[in-house]
Amino acid sequence: MLSPRLRSIGQYVLFGLCLLLAAVLREGPNPAVDQAVIWWPSGVAVAGVFLLGWRSLWVVAGFTLAQRLLMIT
């Protein structure tokens, strides 16, 4: 059994990775996919904040920044 703190950290990391994956898929080279999932990262962010609470806003901010920095390179 995992400790509650480790489980909480795991949930935040998993949420962040899902958010980053949604953002990266949205920025893909195919314009049809881009139009189909334009709101996908926002939906993942809202769902994560709803499920994990307001503390997960830092995860949204951090992984949004990471995704924007990946776009630059």
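Figured I'd write up the structure that's included with this text.

The rules we used
- Residues numbered from 1 in each chain as written.
- Predicted model: local features only at pLDDT ≥ 70, side-chain atom pairs only at ≥ 80, totals over all residues.
- Heavy atoms only, no water.
- Helix = DSSP H or I, 4+ residues; strand = E, 2+ residues; numbered from the N terminus.
- Contact = heavy atoms within 4.5 Å.
- Areas by Shrake-Rupley, 256 points an atom, 1.4 Å probe, with all protein chains shown as cover.
- Core = buried A, V, L, I, M, F, W, Y, C linked by side-chain atoms within 4.5 Å.
- Buried < 20%, exposed > 50% of the residue type's maximum accessible area, 1.4 Å probe, protein only.
- Axes fitted to C-alpha atoms, helices over the stretch in contact; angles between N-to-C directions.
- Parallel < 35°, antiparallel > 145°, perpendicular 65-115°, else oblique.
- Left-handed = near helix turned anticlockwise from the far one by under 90°.
- Nonpolar A, V, L, I, M, F, W, Y, C, P; charged D, E, K, R; others polar.

1. Points about the overall build of the protein
Of regular secondary structure, the protein possesses four helices and zero strands. Listed by position from the N terminus, the elements making up the protein come as α-α-α-α. Considering only intrachain contacts with a sequence separation of at least 6, the fraction spanning at least 24 residues in the protein is 64%. On the protein, roughly 5,700 Å² of surface is accessible, and the fraction owed to carbon and sulfur atoms is 73%.

2. Examining the nonpolar core
Core analysis: the largest hydrophobic core is formed by eight residues, namely Phe15, Leu19, Ala22, Val44, Ala45, Val49, Val59 and Val60. Secondary structure elements with two or more residues in this core: helix H1 (4-26), helix H3 (40-52) and helix H4 (57-72). The residues contacting Ala45, other than those within four sequence positions of it, are Phe15, Leu19 and Val60.

3. So, the environment of Ala47
With respect to the helices and strands, Ala47 occurs in helix H3. For Ala47, a relative accessible area of 35% puts it in the partly exposed group. When the C-alpha positions of Ala47 and Phe15 are compared, they lie 9.5 Å apart, and in sequence the two are 32 residues distant.

4. Quick look at the packing of H1 against H3
How two helices sit against one another is set out by the angle between their axes and by the gap between those axes. The interhelical angle for the contact between H1 and H3, taken along N-to-C directions, is 165°, at an axis separation of 8 Å. One element, H1, and the other, H3, form an angle in the roughly antiparallel class. In this structure, H1 meets H3 at a crossing whose hand is right-handed. Counted together, Gln11, Tyr12, Phe15, Cys18, Leu19, Ala22, Ala23, Leu25 and Arg26 of H1 and Trp40, Pro41, Val44, Ala45, Gly48, Val49 and Leu52 of H3 form the full contact between these two elements. Looking at the contact of H1 with H3 residue by residue, the classes come out as 13 nonpolar, two polar and one charged.

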